[in-house]
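Chain by chain, the residues:
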Amino acid sequence: MSPPGTGKAGASASIPGGPSEHGSSCLATVLRCGRKWTLTYGLGYRIKYPPAYLVHGSLYHAVCAYWHGAKVSKPPDWLATPLGAALDEIGAGYPEQIRAAKDFAKFYPSFDAPRGCEPVMVEQEFGATLAEIAGREQAGDVADERVTCRADLVCRINGRTWLLDHKTVEPRGEHLQSWNDARAFATWGFLAMHNFRLVSLFVEDLAGFLVQRIKRSQPFEIDVNPLLIPVGAMQDYPRIMIEAVRRERQILAELKLEAGTERRLASAPNFTACDGRYGLCEYVAVCQTPRIEDRALILAAEFNQFPPVGEG
Ligand code: SF4
């Protein structure tokens, strides 16, 4: 069974977005820190009050999804929910961010980017087994494991098909910083390789991956840049998927052997991963607390728990 997803708010049939079932966030997490993967995906913890920027990102994604979703030939079911109601649901408890998203919804149609873009699919989930991605021989013992991605937008531009991801950013200065390929690949390359590899199994002649950067604060700014995926990195990516899924399996096997509160200690922490590009890991207080009982108190107070893998 695949682990439960996490990430963007809003996994529901009535609103767009939400976590992909077994996507790049999940695989990246297990490679970065086994403890974090255990708590989030193995045991199903989700922080009750995510940082405002995450909610902000989910809200802006929804605005983009509604705009593009209204233009595809088979409109998604969630379009039946009015945008305002979807934003209120996604941003519940974050009134300032909802207000900003409603302002952004007024701005976005005037941007019309990328120019000449014809949406084909919006917030579409794709999935394939590792055998389909890497070949049964290379995938070996995890050949039948399925990985997934949710594509923000598949679109046609000048007769070619592109995969586009929306990214909300807050530049240090007033304006968006100039695009830097090496930095951009370091920031978004894992997601780009993952989504591109999967979607290219289903969409012929995929031309490339576009990042649409959206400045969160007013005055709004947006730019769209192709993310160049190095060929060598792309060739190696299936090996990364296989390695990540093997680690997940190993952790799940360990969890089955543990019992009660001891499970919260399963998997070694990686203290080099606590301060990431999005700030401090949400479990810092848990990992820094020595007594298991106190960890349990923090988890109960600050996190919701959803059914863990195999117990849903
Ligand atoms: S705080 Fe650090 S060690 Fe603990 S789960 Fe997060 S990344 Fe891992």
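Now for a description of the structure that goes with this document. Since this is a predicted model, take the numbers as computed values, not measurements.

1. Some details on the site of the ligand
No. 1: Taken together, Cys 33, Arg 35, Lys 36, Pro 269, Asn 270, Phe 271, Ala 273, Cys 274, Cys 281, Tyr 283, Val 284 and Cys 287 make up the full set of residues near the ligand.
No. 2: Here the residues of the shell around the ligand sort into 9 nonpolar, 1 polar and 2 charged.

2. Some remarks on the pairing of strand β4 (residues 160-169)
No. 1: Of the strand pairs in this sheet, strand β3 (residues 146-157) and β4 are connected by 5 bridges, and their pairing is antiparallel. Paired with Arg 156 across the two strands is Thr 161, which belongs to β4.
No. 2: Taking the residues that link successive antiparallel strands as the turn, the β3-β4 hairpin has 2 residues, and the phi of Asn 158 there is positive, at about 50 degrees.
No. 3: For β4 and strand β5 (residues 206-215), the ladder comprises 9 bridges, and the chain directions are parallel. Across the sheet, the residue bridging to Trp 162 is Gly 208, located in β5.
No. 4: Where the polypeptide runs from β4 across helix α8 (residues 181-199) and back to β5, its parallel neighbour, the crossover connection is right-handed.

3. Focus: the nonpolar core
No. 1: Leu 59, Ala 62, Val 63, Leu 163 and Met 241 are the most contacted members of the largest nonpolar core, which totals 60 residues.
No. 2: For this core, the element with the highest residue contribution is helix α3 (residues 52-69), accounting for 8 residues.
No. 3: Apart from residues lying up to four places away in sequence, Leu 59 is in contact with Leu 87, Ile 90, Gly 91, Gln 97, Ile 98 and Ala 101.
No. 4: Leu 39, Tyr 45, Cys 281 and Tyr 283 belong to the second largest nonpolar core, which has 7 residues in total.

4. Here we look at unusual backbone geometry
No. 1: The peptide bond linking Gln 218 to Pro 219 adopts the cis configuration, its omega dihedral lying at -5 degrees.
No. 2: Within the secondary structure, Pro 219 sits in the loop between β5 and β6 (222-227).
No. 3: One non-glycine residue, Asp 205, adopts positive backbone phi at about 55 degrees.
No. 4: One can find Asp 205 in the loop between α8 and β5.
No. 5: Since 8 C-beta atoms lie within 10 Å of it, Asp 205 is described here as exposed.

5. Examining helix α2 (residues 34-42)
No. 1: Counted residue by residue, α2 has 9 buried out of 9 residues, so it is predominantly covered.
No. 2: Buried within α2 we find Gly 34, Arg 35, Lys 36, Trp 37, Thr 38, Leu 39, Thr 40, Tyr 41 and Gly 42.
No. 3: The inward-facing, buried residues of α2 contact α1 (24-32), β1 (45-47), α9 (231-257) and α10 (284-288).

6. Things to note about the environment of Ala 296
No. 1: Topologically, Ala 296 is positioned in helix α11 (residues 292-302).
No. 2: Its 15 C-beta neighbours within 10 Å are what place Ala 296 among the partly exposed residues.
No. 3: Distance from Ala 296 to Val 286, taken between C-alpha atoms, is 8.2 Å for residues 10 residues apart in sequence.

7. Quick notes on the pairing of β6
No. 1: In terms of strand pairing, β5 meets β6 through 6 bridges, oriented antiparallel. Its bridge partner lying in β6, Arg 213 is registered against Asp 223.
No. 2: Hairpin connection of β5 to β6: 6 residues between the antiparallel strands.

Definitions and limits used
Residues numbered from 1 in each chain as written. Predicted model: local features only at pLDDT ≥ 70, side-chain atom pairs only at ≥ 80, totals over all residues. Near = placed C-beta within 6 Å. Nonpolar A, V, L, I, M, F, W, Y, C, P; charged D, E, K, R; others polar. Pairing = 2+ DSSP bridges. Helix = DSSP H or I, 4+ residues; strand = E, 2+ residues; numbered from the N terminus. Right-handed = clockwise from strand over helix to strand, strands pointing away. Core = buried A, V, L, I, M, F, W, Y, C linked by C-beta atoms within 7 Å. Buried ≥ 20, exposed ≤ 12 C-beta atoms within 10 Å, placed from the backbone. Contact = placed C-beta atoms within 7 Å.

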